[in-house]
Amino acid sequence: MVNAISVLGSTGSIGRQTLAAAEHLGLPVAALTAGRKIDLLEEQARRFKPTFVAVYDEQAAKDFKIAVADTPIRVASGMEGLIEAATLAGSDCVVTAVSGSVGLRPTLAAIDAKKRIALANKETLVCAGELVMRRAKETGAEIVPVDSEHSAIFQCLMGRGEGELKKILLTGSGGPFRGKKREDLEDVTPEQAVRHPNWSMGAKISVDSSTLMNKGLEFIEAMHLFAVRPEDIQVVIHPQSVIHSMVELVDGTVIAQLGVPDMGLPIQLALTYPERRASMFERLDFWKLRDLSFEEPDLENMPCLRLAMDCAKTGGTAPCVMSAANETAVHLFLQHRLGYNRIYDAAAGAVAALGAVQHADLDTILACDEAARAYVRENFIA
Ligand code: MG
């Protein structure tokens, strides 16, 4: 088990569950960061007593500093604050639970500082998978996935030798609009899109799950994390979300990881790995699991997944552009400023307009990310 953690994005869904896991495990919390939800952040800071807290938003950081003036907590702001939290000497594990590409630079900094990365921020590997994995190899920093599918694959691959893996079977529930036609989704509201059938998650990732973009991002994430080619990953729709993903080995054996759909489980494992600790999570009851079903993903009506698979094959900055454009479009959708089906149009449009740079460095990646956001704002806001 790790000794102490820094939680980047502690007020979000994964961040809150990480703190619950830390409490259960008796694990010290060295640093917390949040965007601007300072009321919850103050509650967390008073309960977990970190030595350092960073608030991304400058004004919120000032307000937070006043709110905790009676404590010894050191407060910082902006990207500098996030990077300091990610590299703090008092912690050996950084949980990257921020949403979006804001997680990229702090994650790289944590890798350089040889911290264990409990990786919950998809955009890091989607935007800069090549760079991040190379850097982790160089420094020896461990990356333990928190995303349930990748945690499942990670567990299925424990103890396997080189060359034993044939392919990854990446499962997904299909989201709340499984079986629907694209033209029927024209008027979907944010409230409908965030209502996921099995998992309770933040708003951005819930919308991504409904468009299958989330599965597309996970596809790219898996490619980097497990060093496989796009053709070695098969997406399998499994509406019950009991199997969290599988691997097929060269001899034809398939190994699956099963559990109740609760993110607390992969979060705890990322902190205790390579050990396992008892937990309070609900157990699978096989008498109640009447059937587990599987189907092919509908790439026709859920084109975001197809787009992501194409970008995975193109490589370079194509996934970064797609992800940044999607992120911008989803935020606009959540603010009722963009129609549901325009999310795909925006992501696909940005990829077509901006192309892909191969073997990009961090500055190029961040410039592509910004260009994709600007493209969506210029072409898709009415
Ligand atoms: Mg997932």
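Calculation criteria
Residues numbered from 1 in each chain as written. Predicted model: local features only at pLDDT ≥ 70, side-chain atom pairs only at ≥ 80, totals over all residues. Heavy atoms only, no water. Helix = DSSP H or I, 4+ residues; strand = E, 2+ residues; numbered from the N terminus. Rg over C-alpha atoms; globule rule 2.2 N^0.38 Å. Buried < 20%, exposed > 50% of the residue type's maximum accessible area, 1.4 Å probe, protein only. Contact = heavy atoms within 4.5 Å. Areas by Shrake-Rupley, 256 points an atom, 1.4 Å probe, with all protein chains shown as cover. Lys, Arg positive; Asp, Glu negative; His and termini not counted. Charge placed at Lys NZ, Arg CZ, Asp CG, Glu CD. Pairing = 2+ DSSP bridges. Axes fitted to C-alpha atoms, helices over the stretch in contact; angles between N-to-C directions. Phe/Tyr/Trp six-rings, centres within 6.5 Å; stacked < 30°, edge-to-face > 60°. Domains from an automatic or database assignment. Buried area = accessible area lost by both parts, 1.4 Å probe. Salt bridge = Lys/Arg side-chain N within 4 Å of Asp/Glu carboxyl O. Nonpolar A, V, L, I, M, F, W, Y, C, P; charged D, E, K, R; others polar. Donors = N, O, S within 2.8 Å, 3.2 Å for Na, K, Ca; no water. Disulfide = S-S within 2.5 Å.

A. Here's a closer look at the overall build of the chain. Counting its secondary structure elements, the chain contains 15 helices and 11 strands. The C-alpha atoms of the chain give a radius of gyration of 20 Å, which matches the 21 Å a tight globule of 382 residues would have. Dimensions of the chain along its principal axes, counting C-alpha atoms only, are 55 × 50 × 40 Å. With 382 residues in all, the chain has 57% of them scored as buried. Intrachain contacts of the chain at a sequence separation of at least 6 include 68% that bridge at least 24 residues. For the chain, the accessible surface area stands at approximately 16500 Å², while carbon and sulfur atoms represent 50% of it. Taken as two groups, the 39 positive and 49 negative side-chain charges of the chain have centres that lie 3 Å from each other.

B. Here's a closer look at the sheet that holds strand β6 (residues 116–119). The 7 strands lie next to each other as β4-β3-β2-β1-β5-β6-β7, forming an open sheet whose pairing is parallel. Each edge of the open sheet is held by one strand with a lone partner, namely β4 (74–77) and β7 (143–145). Geometrically, the sheet is characterised by an average inter-axis angle of 15° between neighbouring strands, direction not taken into account. Direction of pairing for strand β3 (residues 52–55) relative to β4: parallel, over a ladder of 4 bridges. Among the inter-strand pairings, Phe52 is bridged to a residue of β4, identified as Arg74. Contacting β3 and β4, helix α3 (residues 58–67) crosses the sheet at an angle of about 170° to β4.

C. Inspection of the packing of aromatic side chains at higher detail. Under the definition given, this model contains 4 aromatic pairs. For the pair Phe177 and Tyr340, a centre-to-centre distance of 5.5 Å together with 85° between the ring planes defines the contact as edge-to-face. In this pair, Phe177 is assigned in the loop between β8 (165–172) and α8 (190–193) and Tyr340 in the loop between α13 (318–334) and α14 (342–354), connecting sequence segments 163 residues apart.

D. Looking closely at the domain arrangement of the chain. When cut into domains, the chain gives domain 1 (5–145) and domain 2 (151–314). With centres defined by C-alpha atoms, the gap from domain 1 to domain 2 works out at 25 Å. Across the contact, 26 residues belong to domain 1 and 28 residues belong to domain 2. Here domain 1 packs against domain 2, burying approximately 2200 Å² in sum over the two surfaces, 69% of which is carbon and sulfur. If you sort the residues of domain 1 by the area they bury against domain 2, Leu25, Lys122 and Pro145 come out on top, with a joint share of 29%. Inspection of the region where domain 1 meets domain 2 yields 2 salt bridges. One salt bridge connects Lys204 with Glu123, and the closest N-O pair in it is separated by 3.2 Å. Residue assignment for the side of domain 1 that touches domain 2 shows that the elements contributing at least two residues are α1 (13–25), β5 (93–96), β6, α6 (122–139) and β7. In terms of residue class, the side of domain 1 that touches domain 2 is built from 15 nonpolar, 6 polar and 5 charged.

E. Focus on the coordination of the magnesium ion. On the protein side, the magnesium ion has Asp147 (OD), Glu149 (OE) and Glu218 (OE) as donor atoms, found 2.1 to 2.2 Å from it. Positions of the donor residues of the magnesium ion, expressed as sequence spacing, correspond to D-x1-E-x68-E. Looking at Glu149, the relative accessible area reads 8%, which means it is buried.

F. Structural context of the state of the cysteines. One pass over the structure, following the stated rule, counts 0 disulfides. With no disulfide of its own, Cys304 has Cys311 as its nearest cysteine by sulfur position, at a separation of 10 Å. Judged by relative accessible area, Cys304 falls into the buried class, the value being 3%. Looking at the unpaired Cys368, the closest cysteine sulfur is the one in Cys320, lying at 5.8 Å.

G. Spatial organisation of the sheet that holds β8. Strand order in the open sheet formed by 4 strands is β9-β8-β10-β11, with mixed pairing between adjacent strands. Strands with a single pairing partner mark the edges of an open sheet, and in this sheet they are β9 (233–237) and β11 (254–258). On average, adjacent strands in this sheet sit at an angle of 20° to one another, irrespective of strand direction. Pairing analysis gives 5 bridges linking β8 to β9, with the strands arranged parallel. Bridge pairing in β9 places Leu169 opposite Gln234.

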